[in-house]
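# Breakdown of the fold
What follows is the residue order along each chain.
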Amino acid sequence: MRTIRIENIEDGKPKQEIIFDMQPDHMERKLSGSISRELNCADSLSFDIYPDNPGYDMLSPCLTKIWCVDTPEIEFLGRVLKAVPLMDNTGAIYKQVTCEGYLAYLQDSSTELEAFDMSPVELAKELIDRHNSNVPEHQFVIEFDATVTDTQKAELSTSGGTTFDELSALISKYGWEISVSYKMDLVEGKALFDKLTVSKKIGKICGDSVIEIGYNLLSYSCEQDMSTLCTRILPLGQKIYTDEDNLERVSIAGVNGENKYLSKNEDVYGVIQRTVLYEDINDPTELLKEAQKYIDIYSVPYSSYTISAIDPHNLNGNNDLHRIGAGQVYFVNRNHNRHFRSLRI
């Protein structure tokens, strides 16, 4: 059974209220809304709430905690970001509420302009430790699974951005993916953060959770992003320190037929060149491997899919089916045929 609770601190004590439940006689606790999930981003919960709801006047941006539980799964944990009072053309008064997931608390701490001589994994842990020191009320635990092997020391730095921004930069650079897990405090009856897990690829193929038009697919769109397209890469590794004025860097020329560039799909899209720095690589062969990975990914346009669907377990009551979530792979049929496409959401 799904419930949504909020919590404020009043006179130093937590005060909770249920703003949504499934009881048929609790019409004042009915909301219309949705949860949005995007890979490596904070979740978002949005809904409309009306004055007869017992939590209507309790929604304070950045102060009110909120969590959604569909027993036994915690679907959302975070805070209220906006609660905008509105009136529609029928005279109905309500608030349009937007909430951000727990990962957004990493926006509450910042970094300094600082250089680090440590591995990417060590830097990520250092960022979390510093956040925990500065924002003790919203602690994080970070873990790396066996697929993450970025443990070699490198010349790394932070640019003064928020902890979330600096962690996102590491995630993007090293091809990491993150997932957030939660747990229930059965004594106080509220959801708590459990841990932040870093992997090279989260999720799995959910072959039993089909998304299909006429069944549970509500809307579908696909947009190609050409801004990341690259058909020729100039990869550059660490600086070669012969003297202070020498700006030469490690290149792939010696292991790539004296060609310092790597190309793919130039015959399709023309020459779109990018220079990519790999500050932590001093071996030309390793640099070539990383450049090959880059060109394989970015030599084709990035396709972004937006899907609105109903969880299959909500349609047939089978809780063994995988719920729809970011990072999972689903078989999607957007036409009136039996041709399914494998999409990672």
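Placed above this text is the structure.
The written sequence of each chain sets the order in which its residues are numbered from 1. Local features in this predicted model are restricted to residues whose pLDDT is 70 or higher, and side-chain atom pairs enter the listing and the counts only when it is 80 or higher, whereas totals over whole chains, interfaces and linings include all residues. Side-chain numbers here rest on the full set of heavy atoms in the structure, without hydrogens or water.

On to the overall build of the protein. Helix and strand labels come from DSSP, where a helix needs a run of H or I of at least four residues and a strand needs a run of E of at least two; each type is numbered from the N terminus. Of regular secondary structure, the protein possesses five helices and 20 strands. Under the scheme applied here, a residue whose accessible area is under 20% of the maximum for its type counts as buried, over 50% as exposed, and between as partly exposed, the area being computed with a 1.4 Å probe on protein chains only. Looking at the 345 residues of the protein, the share that counts as buried comes to 40%. Contact between two residues is taken to exist if any of their heavy atoms lie within 4.5 Å; hydrogens are not considered. Pairs at least 24 residues apart make up 65% of the contacts formed inside the protein by residues separated by at least 6 positions. For accessible areas, the Shrake-Rupley method is used with a probe of radius 1.4 Å. Any residue's cover is judged against the shown protein chains and nothing else. Accessible surface computed for the protein: about 19,000 Å², of which carbon and sulfur atoms make up 49%.

The subject of this paragraph is the sheet that holds strand β12 (residues 190-199). The criterion for strand pairing is that DSSP finds at least two bridges linking the strands in question. Spatially, the three strands line up as an open sheet ordered β9-β12-β11, and their pairing is mixed. Taken across any chain shown, the strands that pair with only one partner, and hence form the sheet edges, are β9 (142-144) and β11 (177-185). Between one strand axis and the next, the sheet turns by 30° as a mean value, whatever way the strands run. Inspection of the sheet shows β11 paired to β12 by nine bridges, in the antiparallel sense. Within β12, the position partnered with M184 by the bridge is A191. With axes taken as lines fitted to C-alpha atoms, and helix axes fitted only over the stretch in contact, angles between N-to-C directions fall between 0 and 180 degrees.

Within 6.5 Å between ring centres, the rings of Phe, Tyr and Trp (the latter by its six-membered ring) count as paired, and their orientation is classed by plane angle as stacked under 30 degrees, edge-to-face over 60, tilted in between. A full pass over the atoms with the stated rule returns eight aromatic pairs. Among the aromatic side chains, those forming a connected cluster through ring pairs are Y102, Y105, F140 and F193. Any Lys NZ or Arg CZ found within 6 Å of a ring centre and within 35 degrees of that ring's normal is scored as a charge over the ring. The ring of Y56 carries the charged tip of K95 above its face, separated from the ring centre by 4.5 Å. Against the face of Y261 rests R232, its NZ or CZ located 5.7 Å from the ring centre.

With mixed pairing, the three strands of this open sheet are ordered in space as β16-β15-β17. The strands lining the two open edges of the sheet, one partner per strand, are β16 (262-263) and β17 (273-277). Its contacts with the sheet place helix α4 (residues 284-298) against β15 (232-236), β16 and β17, and it is angled at close to 150° to β15.

Inspection of the secondary structure assignment puts D129 in helix α1 (residues 120-134). Given the relative accessible area of 46%, D129 is considered partly exposed. Along the sequence, D129 and V141 sit 12 residues apart, while their C-alpha atoms lie 8.6 Å from each other.

A word on unusual backbone geometry. Each neighbour pair has its own omega, and for T71 with P72 the value is 5°, a cis peptide bond. As for its position among the elements, P72 is in the loop between β5 (65-70) and β6 (73-87). Of note in this structure, N40 is not a glycine but carries a positive phi near 65°. By the secondary structure assignment, N40 is in the loop between β3 (32-36) and β4 (44-49). You will see that C62, though not glycine, has its phi angle at about 70°, which is positive. By the secondary structure assignment, C62 is in the loop between β4 and β5. Residue C62 is classed as partly exposed on the basis of its relative accessible area of 46%.

Inspection of the sheet shows β4 paired to strand β7 (residues 93-101) by six bridges, in the antiparallel sense. Of the residues in β7, the one forming a bridge with I49 is K95. Strand direction decides the pairing type here: β6 and β7, joined by nine bridges, are antiparallel. Each residue of the ladder has a partner; that of G78, found in β7, is G101. The turn joining β6 and β7, which pair antiparallel and follow one another in sequence, is formed by five residues; a positive phi near 90° is taken by G91.

This paragraph deals with the pattern of salt bridges. Only one rule defines a salt bridge in this text: a Lys or Arg side-chain nitrogen within 4 Å of an Asp or Glu carboxyl oxygen. Within this structure, the stated rule accounts for 18 salt bridges. Between R130 and E126 there is a salt bridge, and its shortest N-O distance comes to 2.7 Å. In this pair, R130 and E126 both sit in helix α1, four residues apart, roughly one turn of the helix. Residue classification places R130 among the partly exposed positions, given a relative accessible area of 32%. Residues participating in the shared-partner salt-bridge network are R2, D70 and E75.

The grouping of M226, V268, Y269 and V300 at the surface amounts to a nonpolar patch, some 340 Å² of accessible area in total. Tracing the chain through its elements places Y269 in helix α3 (residues 266-269). Residues qualify for a patch when their relative accessible area is over 30% and they have no salt bridge, like charges being joined within 9 Å and the nonpolar side chains of Val, Leu, Ile, Met, Phe, Trp and Tyr within 5 Å.

To continue, consider the packing of α1 against helix α2 (residues 163-174). One way to put it is that α1 packs onto α2 with a least axis distance of 10 Å and a crossing angle of 165°. Comparing the axis directions of α1 and α2 gives the class roughly antiparallel. Classified by chirality, the crossing of α2 by α1 is left-handed. Contacts from P120, L123, A124, L127, I128 and H131 of α1 reach α2 at T163, E166, L167, L170 and Y174. Residues were grouped as follows: Ala, Val, Leu, Ile, Met, Phe, Trp, Tyr, Cys and Pro as nonpolar; Asp, Glu, Lys and Arg as charged; and all remaining residues, including Gly, as polar. Considered class by class, the residues forming the contact of α1 with α2 number eight nonpolar, two polar and one charged. Put simply, angles under 35 degrees are roughly parallel, angles over 145 are roughly antiparallel, angles from 65 to 115 are roughly perpendicular, and the rest are oblique. It is the rotation of the near helix from the far one that decides the hand of a crossing: anticlockwise by less than a right angle makes it left-handed, clockwise makes it right-handed.

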